[in-house]
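Residue-level listing of the chains:
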Amino acid sequence: MLKIENLHAAIDGKEILKGLNLEVAAGQVHAIMGPNGAGKSTLGYVLGGRPEYEVTDGSVTFAGEALLDMEAHERAAAGLFLGFQYPVEIPGISNVQFLREALNAQRASRGEGPLSGAEFLKLARAQADALGMDQEMLKRPVNVGFSGGEKKRNEMVQMGILDPKFAILDETDSGLDIDALKAVGEGINRIMRKPDKGVLLITHYQRLLDYVEPDVVHVLVDGRIVRSGGPELAVELEREGYAEVTA
Ligand code: ADP
Ligand code: MG
Ligand code: MG
């Protein structure tokens, strides 16, 4: 479903990804772990199409298409969803307005008509309920004054509404208390654990992987995948540290 071959990427002339290879089949969840500064977020940004990052070599195929040739909005329309470590706040635009615009833009690019206000509200409320998010938060400006946990739940509500084919989630677990972690983990499973979908879960810690069990765990160090294994690799990393495991 997602095939990354020999990916090299730089920012401000500094090479961060140095020949990264990774293949995620439909139905799989892959976790990417690695020390600070390894290039994990860079990988997410490059796949999402952030313009500051320069791809200097390699290729990425997503559902049979050359991903790197697509604009960021085309990637989203093709079913790619990115969840960021620090979700943006958008003062002046309510959560429902934002989510409805996002969904209808994607529907339009697939040749589908927009959902009516009532249809959309029903969908948004169902997703908020499923994530344990207070429905009042749908009316508030996007992420403004939301706690860390509320932002992450909100991001999962957004993911539930957009129903993407592939999600790249960057440290979705950072700063979450146990209840929020559980809600987010269950959200990922409910929305994305399907035979025709895939997930790349970027995480520092093993604890999210207690809720979302990965099929494959990769260790990213200095711009390359240096080791891959099953879920037990995450446990080993947590116990022994990156230096020990990748020595
Ligand atoms: P991770 O998510 O694994 O912690 P990042 O992808 O955020 O790592 O960062 C990888 C490396 O890229 C780090 O060394 C970071 O300092 C560097 N980096 C990120 N953004 C920039 C930038 N705008 N200019 C120069 N270096 C950057
Ligand atoms: Mg970091
Ligand atoms: Mg990061």
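The coordinates are above.
Residues numbered from 1 in each chain as written. Chains lettered and ligands numbered in written order. Predicted model: local features only at pLDDT ≥ 70, side-chain atom pairs only at ≥ 80, totals over all residues.

Caption draft 1: Local environment of the packing of helix α5 (residues 148–162) against helix α6 (residues 178–192). Across the interface, α5 lies against α6 with an axial gap of 10 Å and an inter-helix angle of 10°. With respect to α6, the element α5 is oriented roughly parallel. Along its contact with α5, which presents Gly149, Lys152, Arg153, Met156, Met159 and Gly160, the element α6 presents Ala180, Ala183, Val184, Gly187 and Ile191. (Axes fitted to C-alpha atoms, helices over the stretch in contact; angles between N-to-C directions. Helix = DSSP H or I, 4+ residues; strand = E, 2+ residues; numbered from the N terminus. Parallel < 35°, antiparallel > 145°, perpendicular 65-115°, else oblique. Contact = placed C-beta atoms within 7 Å.)

Caption draft 2: Spatial organisation of helix α3 (residues 95–109). For α3, spanning 15 residues, the distance from its first C-alpha to its last is 21 Å, which sits close to the expected 21 Å at 1.5 Å a residue. Among all positions in α3, only Asn95, Val96, Leu99, Arg100 and Leu103 are buried. Looking straight down α3, one finds that the buried residues subtend no more than 115° of arc, so they occupy a single side. Summarising the geometry of α3, the exposed residues directed more than 90 degrees from the buried face are Glu101 and Ala108. In this structure, the buried side of α3 is in contact with β7 (90–94), α4 (117–130), β8 (141–142) and α5. (Expected span 1.5 Å × (residues − 1). Buried ≥ 20, exposed ≤ 12 C-beta atoms within 10 Å, placed from the backbone. Arc of directions from axis to C-beta.)

Caption draft 3: Structural detail: the site of ligand 1. Residues in contact with ligand 1, as listed here, are Ile11, Asp12, Lys14, Ile16, Gly34, Asn36, Gly37, Ala38, Gly39, Lys40, Ser41 and Thr42. Elements with a contribution of two residues or more to the shell around ligand 1: β2 (14–24) and α1 (40–48). No other element matches α1, which puts three residues into the shell around ligand 1. Of the residues that constitute the shell around ligand 1, the class distribution is three nonpolar, six polar and three charged. (Near = placed C-beta within 6 Å. Nonpolar A, V, L, I, M, F, W, Y, C, P; charged D, E, K, R; others polar.)

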